[in-house]
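Spelled out, the chains give:
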Amino acid sequence: MEQPDPSHSAGEDTGDGRYGEAVFPAERPGEDERIDLGALAYDTTTFARLAALGAGPGWRCLDVGAGTGTVARGLLEGLGVTSVLAVDRDVRFLAARPVPGLTVREADVTGPGFGPGRFHLVHARFVLMHLPERRRLIGRLSELLAPGGVLVLSDAADLTSAGAADTPYTRVMRAMWQGLRDTIGTDVTWVPGYPRLLREAGLTSVAAELYVPPLLPGSAISRFWADTWHRAREAITATGLVDDATVEEAVRCLESPDCAELSPGMLTAWGRRPGPAHTPTTLDFADNS
């Protein structure tokens, strides 16, 4: 019997909006800069893992929800992969920064017609946590792997909601997750289940790791959270859990050398499609979208 999808909590309603619409619209000035702050905080860890998994010359890669394209460009320029297909529902930031080997496609990975071929690497970072039907999407992304190919998924792992001291920072972080859940259905509570979901999708050599960037005054991650709270303030205060004054106090905490809080971490999990690794043929990468 199929087990219930852990991404849906019984009895709890989630928002039916979408990332980039109800919150974080791409057309709002500075949104690309906010995304890049997150990239500055996490890219080094991401590239270290992708390199350890073998990403390099000869690899063809799919980057799902590619944002401003820092991972896609890093795969090409830093790890030397052969090509990257970068997919997003809004590609304005990707199209603005072209590099050789990068193909940009505006597409919705949740749509029934998405099937761009087979890849050595399929990567998605801070994407699935904002989407419904996560179990189905993990299965779909697994099917895009060539034999021996690897699926790498990274999402937020919240360390501030259970067992942490009650401070303005933790109250705002909790309110943010609730506000995003209410508006667009974001849910990070199921993220620790990534390894099990990858195994259930038929992948092997499954493993996971957690990285927590330090909150230091002026650091990329501290600036990212301050900007994120500013842009999502309406959703945050609409929860009734905090008010504007509490948000401002939490921002001051991020700017203070006396800040003693934990940032949400990034949990990265990966697994390989069974079969010997090979160099895919042109047919493997046929455009089926």
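What follows deals with the sheet that holds strand S2 (residues 83-88). Taken together, seven strands build an open sheet; the order of strands is S3-S2-S1-S4-S5-S7-S6 and the sheet is mixed. Sheet topology places strand S3 (102-106) and strand S6 (204-211) at the edges, where each strand pairs with a single neighbour. Going from strand to strand, the sheet's axes swing by 15 degrees on average, the running direction of each strand aside. Sheet topology note: the strand S4 (residues 119-125)/strand S5 (residues 145-157) ladder contains six bridges and is parallel. Bridge pairing in S5 places Val122 opposite Leu151. Contacts between helix H2 (residues 70-77) and the sheet are confined to strand S1 (60-64), S2, S3 and S4, with S2 contributing the most and set at about 180 degrees to the helix.

In this structure, Arg174 sits in helix H5 (residues 168-184). Classification of Arg174 as partly exposed rests on a relative accessible area of 23%. On a C-alpha basis, the gap between Arg174 and Val242 in space is 9.4 Å, while along the polypeptide they are 68 residues apart. Sequence-distant contacts of Arg174, that is, excluding residues within four places in its chain, are made with Thr160, Ser161, Ala164, Ala165 and Asp166.

Time to look at unusual backbone geometry. The backbone of Phe126 sits at a positive phi, close to 55 degrees, despite the residue not being glycine. Inspection of the secondary structure assignment puts Phe126 in the loop between S4 and helix H4 (134-143). Although it is not a glycine, Glu133 sits at a positive phi angle of roughly 55 degrees. Tracing the backbone shows Glu133 in the loop between S4 and H4.

The end-to-end C-alpha separation of H5 is 24 Å, in line with the 24 Å expected for 17 residues at 1.5 Å each. With 12 of its 17 residues buried, H5 lies for the most part within the structure. Buried within H5 we find Pro168, Tyr169, Thr170, Val172, Met173, Ala175, Met176, Trp177, Gly179, Leu180, Arg181 and Ile184. Contacts from the buried residues of H5 go to S5, helix H7 (220-231), helix H8 (233-238) and helix H9 (244-254). Once H5 finishes, Gly185 follows within two positions and takes phi at roughly 85 degrees, a positive value.

The subject of this paragraph is the packing of H7 against H9. Running from N to C, H7 and H9 cross one another at 170 degrees; their axes reach a closest spacing of 9 Å. Between H7 and H9, the crossing angle belongs to the class labelled roughly antiparallel. When the axes of H7 and H9 are compared, the crossing they make is left-handed. Contacts from Ser222, Trp225, Ala226 and Trp229 of H7 reach H9 at Val247, Ala250, Val251 and Leu254.

The rules we used
Residues numbered from 1 in each chain as written. Predicted model: local features only at pLDDT ≥ 70, side-chain atom pairs only at ≥ 80, totals over all residues. Heavy atoms only, no water. Pairing = 2+ DSSP bridges. Helix = DSSP H or I, 4+ residues; strand = E, 2+ residues; numbered from the N terminus. Axes fitted to C-alpha atoms, helices over the stretch in contact; angles between N-to-C directions. Contact = heavy atoms within 4.5 Å. Buried < 20%, exposed > 50% of the residue type's maximum accessible area, 1.4 Å probe, protein only. Expected span 1.5 Å × (residues − 1). Parallel < 35°, antiparallel > 145°, perpendicular 65-115°, else oblique. Left-handed = near helix turned anticlockwise from the far one by under 90°.

Geometric values such as these leave the question of function open.
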